[in-house]
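Now for the letters of each chain:
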Protein chains: 2
Amino acid sequence: MDHPQGSALQPFLSRLALRSLLTPAEGNAIMGLSGHVTPVATHVDFVSVGDHVDHSCLVVSGLVGRFGQNSDGSRQITCLHIPGDMPDLHSVVSPKAGWGLTALTPTTILRVAHSDLRYIASQHFGIAEAFWRDCVADGSIFSEWVVNVGRRGATARLAHLLCEMAIRCERAGQGDRRSFVLPITQSDLADATGLTGVHVNRTLRELRSRSIVTARSKVVTIHDWDQLVSIGDFDDAFMMLDGPYPRIAAAA
Amino acid sequence: MDHPQGSALQPFLSRLALRSLLTPAEGNAIMGLSGHVTPVATHVDFVSVGDHVDHSCLVVSGLVGRFGQNSDGSRQITCLHIPGDMPDLHSVVSPKAGWGLTALTPTTILRVAHSDLRYIASQHFGIAEAFWRDCVADGSIFSEWVVNVGRRGATARLAHLLCEMAIRCERAGQGDRRSFVLPITQSDLADATGLTGVHVNRTLRELRSRSIVTARSKVVTIHDWDQLVSIGDFDDAFMMLDGPYPRIAAAA
DNA sequence: CGTTCTATTGAGGGAAGTCAACAGTGGTGG
DNA sequence: CCACCACTGTTGACTTCCCTCAATAGAACG
């Protein structure tokens with residue numbers, strides 16, 4: 001059991017604090033978490049569909065995709081996760097994985113035991129509430145992705161996804177929305193948008209030629225934010241960023 | 001403030017108990033909830049995107065769709081909710097709606113104040129945990145719907161949706177998976193699967209002609225369950241029905 | 001300095017969308 | 001009790017967006 005520096009846990013605490021009010025004691029409890037630091041190579045699944053897990057994974061660096069799979073092997077990414085996210089926090093209350101997690105670029109994760117997460121959640125109601133709210137925030141993203149994939153054309157789908165990641169990277173303190181790092185291949189972008197790699201390529205070319213966004217060598221540069229928002233029909237309400245929200249019960 | 005009979009709350013308690021262990025005291029706290037009973041006519045939105053809500057809606061009878069919307073008015077349903085479901089339980093921790101709720105058939109809902117839900121959650125950790133887990137279960141359905149809409153053809157999409165609703169109706173005690181009531185139009189089915197009404201019609205005709213499933217006058221009859229599961233690539237793992245799961249903290 | 005993964009482009013095909021017309025169904029009021 | 005009206009379901013003809021297959025160029029890695 002490694003004792004990671006705060007540098008791994010601080011982004012996680014920041015993400016929670018974006019939506020939930022935490023007391024200093026609760027913050028300390030989270031910063032006191034420990035786990036195994038594990039490097040994961042590109043395109044390696046570190047949680048597979050059907051696994052029973054006894055820990056949750058905190059993204060320390062890199063990029064993670066949550067995915068579902070068909071029996072023919074085709075995949076659909078259902079959410080992207082950046083450093084500070086805990087993509088399977090929900091496994092604390094649902095330990096059998098109905099999903100998979102894969103590294104989309106060389107990634108480092110911190111595996112935190114469910115027993116530790118349970119302990120601090122049971123000791124601090126505010127942490128249980130923050131975890132609950134965090135799972136709701138992820139669920140809200142899934143829900144928006146259903147809309148994106150179900151009722152938008154290829155250009156809008158990509159525009160929407162890029163808007164979402166721009167805001168999330170900005171909020172996580174990783175550059176601003178005009179330019180951020182998104183180390184993902186066009187093929188994985190296709191799995192995230194329900195398209196094919198070829199069509200993602202053509203669609204990105206179109207966005208590039210219209211001088212709206214450039215996605216090259218892992219860096220996304222948005223030249224015309226307003227138009228990208230308009231093309232993607234993007235409304236950030238689903239991201240639950242108008243918090244932090246009031247606590248259910250008074251702080252201890 | 002009406003005091004509804006147990007008949008409205010019992011299915012909600014049963015749904016929670018499918019996945020979470022609740023003490024008798026916790027069960028009583030849930031059965032003691034009260035709220036406003038409201039009838040909703042077909043295709044009336046009773047929560048609109050962007051609303052600030054101070055209550056959650058329990059489906060007493062009928063069928064509810066959670067949906068997202070594009071600025072051109074096109075809609076995508078992201079989850080169906082049957083009696084006993086609380087489609088916006090998550091609004092307890094996230095009161096600004098990034099989604100909408102609409103009645104797909106004449107429906108009755110029970111509006112329960114957030115303050116009441118917060119109170120029982122703060123008094124009983126097991127209830128907070130059950131609410132958290134219930135939100136995770138809904139999120140898991142959203143996530144599967146992303147896969148369904150993003151990476152399956154029209155026939156598989158409909159097959160998968162029908163399998164899901166068959167299992168859910170069965171678990172909710174509303175008939176068995178071979179035959180259940182699903183009062184939804186083909187047009188709304190299209191909004192749930194990311195297709196058009198016309199194509200849903202053609203696809204249902206195909207499933208009917210292959211003697212796999214009949215969907216007529218609000219009743220779905222599945223003649224060949226195994227083949228429907230196969231066509232829809234359906235695996236019920238995402239539904240989190242292998243519980244109830246252990247409690248985070250010992251029962252009080 | 002080759003090997004492998006990723007990006008790019010073209011040509012052709014297919015699944016689902018669009019438009020349009022009509023038939024069936026259920027509810028409502030005269 | 002029936003006649004009407006609005007909604008839903010059904011089908012055909014045509015279109016379009018995206019997929020498939022295939023080949024090549026470029027980039028990253030040891």
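Coordinates for the structure precede this section.
(A) Geometry of the interface of chain A and chain B. Between chain A and chain B, the contact holds 50 residues from the first and 50 residues from the second. Taken together, the two surfaces of chain A and chain B that pack against each other cover about 4,400 Å², and 65% of this comes from carbon and sulfur. Ranking the residues of chain A by area buried against chain B places V93, W132 and R151 of chain A at the top, with a combined share of 20%. Linking chain A with chain B are two salt bridges. Close ionic contact of D191 of chain A with R151 of chain B constitutes a salt bridge, the shortest N to O distance being 2.9 Å. Summed over the shared surface of chain A and chain B, the number is 22 residue pairs in polar contact (both at pLDDT 80 or more).

(B) The arrangement of the pairing of strand β5 (residues 75-81) of chain B in detail. Residue and element names in this part refer to chain B. Judged by how many residues are buried, β5 sits mostly within the fold: six of seven residues are covered. Where strand β4 (residues 64-69) and β5 come together, six bridges link them in antiparallel fashion. Residue G68 lies in a different strand from β5, and its bridge partner there is Q76. In textbook terms, the turn of a hairpin is the stretch between consecutive antiparallel strands, and for β4 and β5 this stretch comprises five residues, one of which, G73, has a positive phi near 95°.

(C) Inspection of the protein's contact with DNA strand D at higher detail. In the neighbourhood of DNA strand D, 17 residues make up the surrounding shell, with A154, T196 and H199 of chain A together with Q186 and N201 of chain B lying closest. Near the protein, within 4 Å, the atoms of DNA strand D are sugar or phosphate in 71% of cases. At 2.7 Å, a side-chain N or O of Q186 of chain B approaches a phosphate oxygen of DNA strand D. Side-chain polar atom of R216 of chain B to a phosphate oxygen of DNA strand D: 3.3 Å apart, as the coordinates give it. Among the elements that line the surface near DNA strand D, the one with the most residues is helix α7 (residues 197-209) of chain B, at five residues. Across the surface near DNA strand D, the residue classes break down as four nonpolar, eight polar and five charged.

(D) Representation of helix α5 (residues 154-171) of chain B within the structure. For α5 of chain B, built from 18 residues, the straight-helix expectation of 26 Å at 1.5 Å per residue is met to within 8% by its first-to-last C-alpha distance of 26 Å. Just past α5 of chain B, the residue G173 of chain B takes up positive phi, approximately 80°.

(E) Geometry of the environment of D236 of chain B. Along the chain, D236 of chain B falls in the segment after α8 (225-232). When the C-alpha atoms of D236 of chain B and E164 of chain B are compared, they prove to be 7.6 Å apart, with 72 residues separating the residues in sequence.

(F) Molecular detail of the relation of the copies chain A and chain B. Expressed as a screw transformation, the operator carrying chain A onto chain B has a rotation angle of 180° and an axial translation of 0.0 Å, and the superposed copies differ by an RMSD of 0.0 Å. This pairing of chains is accounted for by a two-fold axis. Comparing interface residues between copies, 100% of those in chain A also lie at the interface in chain B; the contact surface is shared.

About the criteria used
- Residues numbered from 1 in each chain as written.
- Chains lettered and ligands numbered in written order.
- Predicted model: local features only at pLDDT ≥ 70, side-chain atom pairs only at ≥ 80, totals over all residues.
- Heavy atoms only, no water.
- Contact = heavy atoms within 4.5 Å.
- Buried area = accessible area lost by both parts, 1.4 Å probe.
- Salt bridge = Lys/Arg side-chain N within 4 Å of Asp/Glu carboxyl O.
- Polar contact = N/O pair within 3.5 Å; in protein donor to acceptor, adjacent residues only side chain to side chain.
- Buried < 20%, exposed > 50% of the residue type's maximum accessible area, 1.4 Å probe, protein only.
- Helix = DSSP H or I, 4+ residues; strand = E, 2+ residues; numbered from the N terminus.
- Pairing = 2+ DSSP bridges.
- Near = heavy atom within 4 Å.
- Nonpolar A, V, L, I, M, F, W, Y, C, P; charged D, E, K, R; others polar.
- Expected span 1.5 Å × (residues − 1).
- Least-squares fit on C-alpha atoms with pLDDT ≥ 70 in both.

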